[in-house]
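# What the coordinates show
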Amino acid sequence: MNQTKIIARILFYICALLSAGYLVTFGYSLFCLMSGFAVTPYKDGQFLHINYPFTEQPFLNIENNYPYMIFSFMLVLITYGIFFWLSARVFKVFFQQKLFTQENIIQLKRFYLYNIFIPLPLVIIASFFVEVESIIWGLVFIHFMLGIFCLFLANIFKQGLHLQNEQDLFI
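In this report, we go over the structure that sits alongside the text.

The rules behind these values
- Residues numbered from 1 in each chain as written.
- Predicted model: local features only at pLDDT ≥ 70, side-chain atom pairs only at ≥ 80, totals over all residues.
- Heavy atoms only, no water.
- Pairing = 2+ DSSP bridges.
- Helix = DSSP H or I, 4+ residues; strand = E, 2+ residues; numbered from the N terminus.
- Buried < 20%, exposed > 50% of the residue type's maximum accessible area, 1.4 Å probe, protein only.
- Polar contact = N/O pair within 3.5 Å; in protein donor to acceptor, adjacent residues only side chain to side chain.
- Contact = heavy atoms within 4.5 Å.
- Core = buried A, V, L, I, M, F, W, Y, C linked by side-chain atoms within 4.5 Å.
- Expected span 1.5 Å × (residues − 1).
- Phe/Tyr/Trp six-rings, centres within 6.5 Å; stacked < 30°, edge-to-face > 60°.
- Axes fitted to C-alpha atoms, helices over the stretch in contact; angles between N-to-C directions.
- Parallel < 35°, antiparallel > 145°, perpendicular 65-115°, else oblique.
- Left-handed = near helix turned anticlockwise from the far one by under 90°.
- Nonpolar A, V, L, I, M, F, W, Y, C, P; charged D, E, K, R; others polar.

## Quick notes on the pairing of strand 3 (residues 58-63)
In this structure, strand 2 (residues 47-51) lies alongside strand 3, joined through 5 bridges in antiparallel fashion. Residue pairing across strands places Asn 51 opposite Pro 58, the latter belonging to strand 3. Joining the antiparallel neighbours strand 2 and strand 3 is a turn of 6 residues, in which Phe 54 adopts a positive phi near 60°.

## Describing the side chain of His 49
Relative to the elements of secondary structure, His 49 occurs in strand 2. With relative accessibility at 18%, the residue His 49 sits in the buried group. Within the structure, His 49 has its side chain in polar contact with the side chain of Asn 61 (distance 2.3 Å). Beyond its immediate chain neighbours, meaning those up to four positions away, His 49 contacts Ala 38, Val 39, Thr 40, Tyr 42, Pro 58, Leu 60 and Asn 61.

## Comments concerning the nonpolar core
In terms of nonpolar packing, the biggest core is built from 24 residues, with Phe 94, Leu 99, Leu 108, Phe 111 and Phe 157 touching the most fellow members. If you list the elements that add at least two residues to this core, you get helix 1 (2-35), helix 2 (66-93), helix 3 (102-117) and helix 5 (134-167). Those residues within four positions of Phe 157 in sequence are excluded, and the remaining contacts are Val 93, Phe 94, Leu 99, Phe 100, Asn 104, Ile 105 and Leu 108. Ranked by size, the runner-up nonpolar core spans 12 residues in total, among them Tyr 28, Leu 48, Phe 73 and Met 74.

## Things to note about helix 1
The end-to-end C-alpha distance of helix 1, which contains 34 residues, comes to 49 Å, matching closely the 50 Å that a straight helix rising 1.5 Å per residue would cover. Residues Ala 8, Phe 12, Cys 15, Ser 19, Thr 25, Phe 26, Tyr 28, Ser 29 and Cys 32 constitute the buried set of helix 1. On its buried face, helix 1 is in contact with strand 1 (39-42), strand 2, strand 3 and helix 2.

## A short note on the environment of Cys 15
Tracing the chain through its elements places Cys 15 in helix 1. With 59 residues separating them in the primary sequence, Cys 15 and Met 74 have C-alpha atoms 19 Å apart. Every residue in contact with Cys 15, bar those within four places of it in the chain, is listed here: Phe 84, Ser 87, Ala 88 and Phe 91.

## Some words on the packing of aromatic side chains
All chains considered together, the criterion is met by 16 aromatic pairs. Arranged with centres 5.1 Å apart and planes meeting at 70°, the rings of Phe 83 and Phe 84 form a pair that is edge-to-face. We note that Phe 83, like Phe 84, is buried. Taken together, the aromatic side chains of Tyr 22, Tyr 80, Phe 83, Phe 84 and Phe 111 make up a single cluster linked through ring pairs.

## Some words on the packing of helix 2 against helix 3
Helix-helix packing: each pair is described by the crossing angle between the helix axes and the interaxial distance. Where helix 2 contacts helix 3, the axes come no closer than 9 Å and their chain directions differ by 150°. On the basis of the axis angle, helix 2 is roughly antiparallel to helix 3. In the packing of helix 2 onto helix 3, the handedness of the crossing is left-handed. Contacts between helix 2 and helix 3 pair Thr 79, Ile 82, Phe 83, Leu 86, Ser 87, Arg 89, Val 90 and Val 93 from the former with Glu 103, Asn 104, Gln 107, Leu 108, Arg 110, Phe 111, Tyr 114 and Asn 115 from the latter. Here the residues of the contact of helix 2 with helix 3 sort into 8 nonpolar, 5 polar and 3 charged.

## Focus: the sheet that holds strand 1
Pairing between the strands of a sheet comes from backbone hydrogen bonds, and it takes one of two forms, parallel or antiparallel. Across the sheet, 3 strands lie side by side as 1-2-3; this open sheet has antiparallel pairing. Looking at strand neighbours, the two that pair on one side only are strand 1 and strand 3, the edges of this open sheet. The average angle at which neighbouring strand axes cross in this sheet is 25°, direction not considered. With 4 bridges connecting them, strand 1 and strand 2 associate as antiparallel partners. In the strand pairing of strand 2, Thr 40 is matched with His 49. Across the face of the sheet, helix 1 comes into contact with strand 1, strand 2 and strand 3 while running at roughly 120° to strand 2. The strands that helix 2 touches are strand 2 and strand 3; relative to strand 3, the one it contacts most, it runs at about 120°.

This is the structure in structure tokens:
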């Protein structure tokens, strides 16, 4: 179990860092696009550079049209920021002193609900406004399968919590 706790702790920090990166990038991009700060159009205004703060160095390159900015850029940043934050919370479950707790079950539930019910509707809505590449449907399927797997884990944890309350099990 010690190996599991070490791996879970490492993955927790990686996912937390990725989440922070996506969410900070989302916030910075939203600020830049709404204010015009650090935004440089190029190729006759078809594309935009979002520059690193206080420089002219490009940080992100995006198409200069609202459907793309919303559905293929901003929505991706925020949803993956949330996904990695929820992933970090799931990995945190596995290095706790007491594994079978109501709070840990809640973390697993949030993760499976997000992965089962968020990606497909978002991609379907986005498909009305932007072209959705076929690989995106594969990602939706992978998220669905992750959600189902985590649903199974949450149900196992519920059973473990029930048994723990009866026998006070520790792992």
